[in-house]
Structures are given as structure tokens and as C-alpha cells.
Amino acid sequence: MSFGRLAALAVAAWLIPFAARAASYALPHEAAVPGGVKLLRLDYKGRVMPAVDVEGQRAMVVQDGEDWVAVIGIPLSAPLAPRAVVVHDADGRHEIAFAVGDKRYASQSLKVAPRQVDLSAQDLARVGRERVIIDAALSRWSNVQPESLRLPQPVPGVRSSSFGMRRIFNGESRNPHTGMDIAAPTGTPVLAPLAGTVVDTGEFFFNGNTVFVDHGRGLISMYCHLSAIDVKPGQHLAAGTRLGLVGMTGRATGPHLHWGLSLNRAWVDPELFVPD
Ligand SMILES: [Zn+2]
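Residues numbered from 1 in each chain as written. Predicted model: local features only at pLDDT ≥ 70, side-chain atom pairs only at ≥ 80, totals over all residues. Heavy atoms only, no water.

Let us now look at the overall build of the chain. Within the chain one finds 2 helices and 20 strands. Principal axes of the C-alpha set define a box for the chain whose edges measure 80 × 40 × 35 Å. For the chain, the proportion of its 276 residues judged to be buried stands at 47%. Sequence-distant contacts, at least 24 apart, represent 69% of the contacts inside the chain between residues at least 6 apart. For the chain, the exposed area adds up to about 13,300 Å²; of that, 56% sits on carbon and sulfur atoms. Across the chain, the mean location of the 27 positive side-chain charges is 3 Å away from that of the 25 negative side-chain charges. (Helix = DSSP H or I, 4+ residues; strand = E, 2+ residues; numbered from the N terminus. Buried < 20%, exposed > 50% of the residue type's maximum accessible area, 1.4 Å probe, protein only. Contact = heavy atoms within 4.5 Å. Areas by Shrake-Rupley, 256 points an atom, 1.4 Å probe, with all protein chains shown as cover. Lys, Arg positive; Asp, Glu negative; His and termini not counted. Charge placed at Lys NZ, Arg CZ, Asp CG, Glu CD.)

Shown next, in the form of C-alpha cells:
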């Protein structure tokens, strides 16, 4: 082998691991649609993390090798119009706009107990109080970069593709479905797909026994309808920690896990985060 060829091989051997190291952070799939995720690779290489806001909410920014990438959750209610983010970095303040594409979600008819659709005054008041608790959990911000943005499903089982579906309960139109349902028998362990800190736990009218986990930089996961909760607020969870058991508490038509992922307070499709 000639020296030149040997040198070329040595350079290639050096380059490959470097390239792998330079851009190795596991990002979610991009889908710039309502309920999806927009990835914005920022034109900035400084060492201090830029701050990015979208619609008045702080957005996730992660370091991918030398690059900073904003990972923006797009709410299901987002209009089909350009969406602007505001970036503050060492070079100043600038805006970046991106387009939101159309996505038609199907509707789904479900039958549940009448009292879970036409709420009594007492239940309405309860739901109102719970909304405040849920909003507080989803608003949590901790400045830790998640280990990864690819999350294994928290329980084995068939993943529904019902995220975003408009729901008709007992013939009446209600809010769209904001998470992924995974069918699994009651008592199946639910494992934290990613390290995080338990923000809150509780028993909610619609969601039943629920756990909220903060994974850092505005990514909050939610696990609903549990038959048992095994964790406490403030507890740090390593990836794979059992946080509860599958059940059908709250408004559920059968045992399953409802898995919600919120980014900058927008529910996004968990399917975008599941490894291929
Ligand atoms: Zn669900």
C-alpha cells in the first residue's frame, strides 16, 4: 500500500468518528404541521445556549455537536400561517419564520358513561381546578438537555395512531385527542422512557391516575389512566424506572396507557419521538 493511500485511510478513520461525534444527538422526526415538531438549526456557533421563544413560550434548544437546534412544538390549534420564533443569542435578537403545513386528522366516535360527557356543575368545577394543575405541570422549565429525543414506548403494545383525532363522545364533539394510546392489560408496568423528574401526580376527572415527568427544556411527558402510581413529585427517575401500572381510571373505554408529550406547552405527536 502506498503512503498516500495509507494517509488517506488514516484521515478517513479520523474523520468518521469526528463526524459521528459532531452531529450525534438523537432528534425527533420533523413534521411542521399542527401537532408536529419543527427543527430549526440555528445559524450560531457560540458556547452560550441561545434563548428561543415561540408565541410567548420558551422553546427547547439542544446542542447537537457544534450546532444549536431549536425543537419547536406546534399546537394542534395552530393556524396554517407562518409561525415566528424569536432568537436571543450573543449576536442579538432576530426572528425566524417557518411555514406550518396542513394536516387533516380524522374523527373518532366513542361511547362512554353519559356523566363523562355532560358534566355536572360539580364535575365542571373539578375539571376547571384540574386544568390549573395540569397547566402548572406543563409550564415547568428546567435547563437540562434531555439525554435524547428518541423515546422508547413506555409499555409494550399496539400504538394507536389516534393523536390529533377529533373526538365525538356519545354523539357530541369534544376536544381532539392530544396523546398516543397504547393498548396493554391492566397491571402492565409503565416505564419512564427517558430520565427526568416527577413534576406532579394526581387523580384527574378525565385522565384518571396521572404522572407528569419533566425531561428538561420544556419537554414534559404525561401518563394517564394508571391503576397504580409508584412515584412521588420531586423524585428523579432514571430511564426505565417503573412509574406506575396500566389501568383504565378516568374517562377510558378499556385498559390502555395514554401517553402525552408536551413541548413548549404544545401537545405533540409521540410517534415523532419513537425510535425507528
Ligand atoms: Zn388517549
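That covers the picture; the talk isn't over yet.
Turning to the sheet that holds strand β6 (residues 83–89), a few remarks are in order. Strand pairs in the sheet, formed through backbone hydrogen bonds, run parallel or antiparallel to each other. A sheet is described by the order of its strands in space; here 4 strands give the open sequence β3-β2-β6-β7, paired in antiparallel fashion. Unpaired on one side and paired on the other, β3 (57–58) and β7 (92–98) mark the two borders of the sheet. Examined bridge by bridge, strand β2 (residues 51–54) and β6 share 4 bridges and lie antiparallel to one another. Its bridge partner being in β6, Val 52 is matched across the sheet by Val 87. (Pairing = 2+ DSSP bridges.)

We now examine the confidence of the model for the chain. A residue-level look at the chain finds 92% of positions with pLDDT of 70 or above and a mean pLDDT of 91. In this model, residues 6–21 is a region of pLDDT below 50 whose contacts with residues beyond four sequence positions or in other chains number 3 contacts. (pLDDT = per-residue confidence, 0-100.)

A few words on the environment of Ser 148. Tracing the backbone through its elements, the reader meets Ser 148 in the loop between α2 (121–138) and β9 (166–169). For Ser 148, a relative accessible area of 15% gives the class buried. For the pair Ser 148 and Glu 271, spaced 123 residues apart in sequence, the C-alpha to C-alpha distance is 15 Å. Ser 148 has contacts with Tyr 25, Ala 26 and Leu 194, leaving out every residue within four places of it along the chain. Polar contacts involving the side chain of Ser 148 include one to the main-chain amide nitrogen of Arg 150, which spans 2.9 Å. (Polar contact = N/O pair within 3.5 Å; in protein donor to acceptor, adjacent residues only side chain to side chain.)

Strands sit in the order β12-β18-β16 across an open sheet of 3 strands; the sheet is antiparallel. In the strand order of this sheet, the two ends are held by β12 (189–191) and β16 (228–229), each with one partner. Here β12 runs beside strand β18 (residues 242–245); their pairing, made up of 3 bridges, is antiparallel. Residue pairing across strands places Pro 189 opposite Leu 245, the latter belonging to β18.

Of the volumes computed, that of the largest pocket is approximately 1,200 Å³. When residues of the lining of the largest pocket are traced back to their parent elements, those giving at least two are β8 (107–110), α2, β9, β11 (180–183), β15 (219–226), β19 (256–263) and β20 (266–268). Considering each element in turn, the lining of the largest pocket owes the most residues, 7 residues, to α2. When its residues are assigned to classes, the lining of the largest pocket shows 21 nonpolar, 13 polar and 9 charged. (1 Å grid on protein atoms, 1.4 Å probe; cavity = no way out; pocket = protein on both sides within 12 Å on 5 of 7 lines; lining within 4 Å. Points joined across faces, edges and corners; volume = space filled by probe spheres on them. Nonpolar A, V, L, I, M, F, W, Y, C, P; charged D, E, K, R; others polar.)

Moving on, we get to α2. In this model α2 runs 26 Å from its N-terminal to its C-terminal C-alpha over 18 residues, within 8% of the 26 Å that 1.5 Å per residue would give. For α2, every residue scored as buried is listed here: Asp 123, Val 127, Glu 130, Ile 134, Ala 137 and Leu 138. All buried residues of α2 project into a common sector of 80 degrees when viewed along the axis, lining one side. More than 90 degrees from the buried face of α2, the exposed residues found are Ala 121, Gln 122, Arg 129 and Val 132. Looking at the buried positions of α2, the neighbouring elements they touch are β13 (196–204), β14 (208–216), β15, β19 and β20. (Expected span 1.5 Å × (residues − 1). Arc of directions from axis to C-beta.)

With 37 residues, the main nonpolar core has Val 71, Leu 149, Tyr 223, Leu 243, Trp 259 and Phe 273 as its most contacted residues. Elements represented by at least two residues in this core include exactly β1 (37–41), β4 (60–64), β5 (67–73), β11, β14, β15 and β19. Looking at which element gives the most residues to this core, the answer is β19, with 4 residues. Non-local contacts of Leu 243, meaning those with residues more than four positions away in its chain, are made with Val 190, Leu 191, Ala 192, Val 211, Val 213, Tyr 223, Leu 226, Ile 229, Asp 230, Val 231 and Leu 237. Core analysis: the second largest hydrophobic core is formed by 18 residues, Leu 40, Ala 78, Val 85 and Val 87 among them. (Core = buried A, V, L, I, M, F, W, Y, C linked by side-chain atoms within 4.5 Å.)

Turning next to the packing of aromatic side chains. Overall, the coordinates contain 3 aromatic pairs when judged by the stated rule. On the basis of an interplanar angle of 85 degrees and a centroid distance of 6.0 Å, the ring pair of Phe 204 and Phe 212 is categorised as edge-to-face. Each member of the pair, Phe 204 as well as Phe 212, is classed as buried. A ring pair is formed by Phe 205 and Phe 206, whose centres lie 5.0 Å apart and whose planes are at 80 degrees; its orientation type is edge-to-face. (Phe/Tyr/Trp six-rings, centres within 6.5 Å; stacked < 30°, edge-to-face > 60°.)

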